[in-house]
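Chain residues, written in single-letter form:
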Amino acid sequence: MHLIQQQMNTIHIYLFGLGNVGSTLIKQILDSQQFFKENQGIDLKIVGLANSKKVLTDKDGISKDWKEVFAEQSVTRNADHFYRFSSGDLTIRIAVDATASKELSQFYPELIEHGFHVVTANKIANTLSQSFYDDLRILLQEKELSFEYETNVGAGLPIVETVRNLHKSGEQLFAVNGVFSGSLGYMFNRFSQEEVPFSEIVLDALKNGFTEPDPREDLSGNDVARKLLVLARESGLKLEFNDIAIENLVMPELRPASLNQFIDQIEKLDHSLEEKKSQLQPDEVLRHLGQLDVLNKTLTVSLQAVKKESPAGQLQGSDGFFEIYSESYAAHPLVIKGAGAGKAVTARGLLSDIIKISKATKKVFQVI
Ligand SMILES: NC(=O)c1ccc[n+]([C@@H]2O[C@H](COP(=O)([O-])OP(=O)(O)OC[C@H]3O[C@@H](n4cnc5c(N)ncnc54)[C@H](OP(=O)(O)O)[C@@H]3O)[C@@H](O)[C@H]2O)c1
């Protein structure tokens, strides 16, 4: 008789970013550690924590008092801190990026060289140059390591994987349209329904962790543009960020300001948006839309008036909404809709990517 024996798979997690998403991820992992051990044979240990200035390592894994321990025991961050700590250790290592840092994205090749799988909520690595994108994938293949980024589009909604699976199965994708930003969705849903200045809604969304760390990343259209580019590349297109047509809602004089200066002058956003709102027909609302036309290779980010009764017009709260058109879904698109922003759904999406890698690296032994 052959017995299948499963070994406990210990996964060492090195987390960059301890903000909204990062700290929620820590809570979700600590709360489900026992569940993963008992049900899936996976022992998740968070052995490294870093913010932009400080770093903490603990080979036994952090526990619920991590905030106090980080405040007391973290040290000044060096680029190679995690490599030195993990060197010689044969455990599976996953670097998790819950930052919006370009510097960290450019560091992924080095992490991969040192044997780290990468899971990221940060869209920047996938939207740097096409050559960076291609080289990263060649390196991953050489090192036999994984890179997961489902949360790059639609937070926890399964958009990236759906588009990837359609493309990989030989399906011709035609278009992906929708409300790509849960944050902008939230802002324009409220702006359409309430008599409140747009700037107040932005500040509220920032306070609730719905926006990017700098809300101009959303309002400029750059965040939606990055999501479109992630999906375009997932559909097999070779395009650069500069190829995207983007409507920027931030006026030129507010673009170079520091975040604090921008917040001080945020009411300047109000005038032009009030004007757009006043031009709407009674059966219309404003929606911030992303449109990826795969056949014509065009990517467009814009604020548009849509009918209230249309699917985009009926969205509530911070819902994301995606319509995927392809050979099989030509007349009736594949529709994915649901909470498209927020720290809980994003952290859960990261955790799901971590589990995906943990399962793929799990060893199963046959005992004779
Ligand atoms: N919130 C959402 O709904 C949502 C949805 C989908 C995707 N995301 C993505 O998730 C990521 C994080 O968002 P968030 O809302 O959690 O941001 P956040 O609250 O502003 O937190 C960002 C964290 O990143 C840290 N950080 C910045 N640069 C770093 C570096 N070079 N190395 C290590 N840590 C660094 C910051 O440290 P300091 O405190 O020291 O500056 C902070 O702890 C972003 O890429 C965002 O696009 C968020």
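For the structure, see preceding data.
Attention here is on the structure that accompanies the text. This is a predicted model, so every value here is computed, not measured. (Residues numbered from 1 in each chain as written. Predicted model: local features only at pLDDT ≥ 70, side-chain atom pairs only at ≥ 80, totals over all residues. Heavy atoms only, no water.)

## Things to note about the overall build of the protein
Helices and strands together make up the secondary structure of the protein, namely 14 helices and 15 strands. For a compact globule of 368 residues, the expected C-alpha radius of gyration is about 21 Å, and the protein comes in at 22 Å, within 12% of that figure. Seen along its three principal axes, the alpha-carbon backbone of the protein occupies a region of about 75 × 50 × 35 Å. Across the 368 residues of the protein, 54% fall into the buried class. (Helix = DSSP H or I, 4+ residues; strand = E, 2+ residues; numbered from the N terminus. Rg over C-alpha atoms; globule rule 2.2 N^0.38 Å. Buried < 20%, exposed > 50% of the residue type's maximum accessible area, 1.4 Å probe, protein only.)

## As for the pairing of strand β2 (residues 9–16)
Across the 8 residues of β2, 7 count as buried, placing the element largely inside the fold. Judged from the 8 bridges that link them, β2 and strand β3 (residues 42–50) form a sheet pairing that is parallel. When the sheet's bridge partners are listed, histidine 12 is paired in β3 with lysine 45. Where β2 lies against strand β6 (residues 92–97), 6 bridges are found, and the strand directions are parallel. Bridge pairing links leucine 15 to valine 96 in β6. (Pairing = 2+ DSSP bridges.)

## Some thoughts on empty space enclosed by the protein
What the rule picks out here adds up to 1 cavity of 30 Å³ or more. Phe16, Ala50, Val55, Arg77, Asn78, Ala79, His81, Phe82, Tyr83, Phe107 and Leu111 are the residues that line the largest cavity. Counting residues per element, the lining of the largest cavity draws most heavily on helix α3 (residues 81–86), which supplies 3 residues. Its residues assigned to classes, the lining of the largest cavity comprises 8 nonpolar, 2 polar and 1 charged. (1 Å grid on protein atoms, 1.4 Å probe; cavity = no way out; pocket = protein on both sides within 12 Å on 5 of 7 lines; lining within 4 Å. Points joined across faces, edges and corners; volume = space filled by probe spheres on them. Nonpolar A, V, L, I, M, F, W, Y, C, P; charged D, E, K, R; others polar.)

## Notes on the packing of aromatic side chains
All chains considered together, the criterion is met by 11 aromatic pairs. Ring geometry for tyrosine 14 and phenylalanine 116: centres 5.1 Å apart, planes at 75 degrees, overall edge-to-face. You can see tyrosine 14 sitting in strand β2 and its partner phenylalanine 116 sitting in strand β7 (residues 116–120), a full 102 residues away along the chain. For the pair shown, tyrosine 14 and phenylalanine 116 are each scored as buried. Ring geometry for phenylalanine 35 against phenylalanine 36: centres 5.4 Å apart, planes inclined by 70 degrees, an arrangement best described as edge-to-face. Its relative accessible area of 6% is what places phenylalanine 36 among the buried residues. Taken together, the ring pairs in this structure connect Tyr14, Phe16, Phe82, Phe85 and Phe116 into an aromatic cluster. For the cation-ring pair, arginine 137 lies above tyrosine 133, with the distance from its terminal atom to the ring centre recorded as 3.5 Å. A cation over an aromatic ring shows up here: lysine 277 above the ring of phenylalanine 191, its NZ or CZ 4.4 Å from the ring centre. (Phe/Tyr/Trp six-rings, centres within 6.5 Å; stacked < 30°, edge-to-face > 60°. Lys NZ or Arg CZ within 6 Å of the ring centre and 35° of its normal.)

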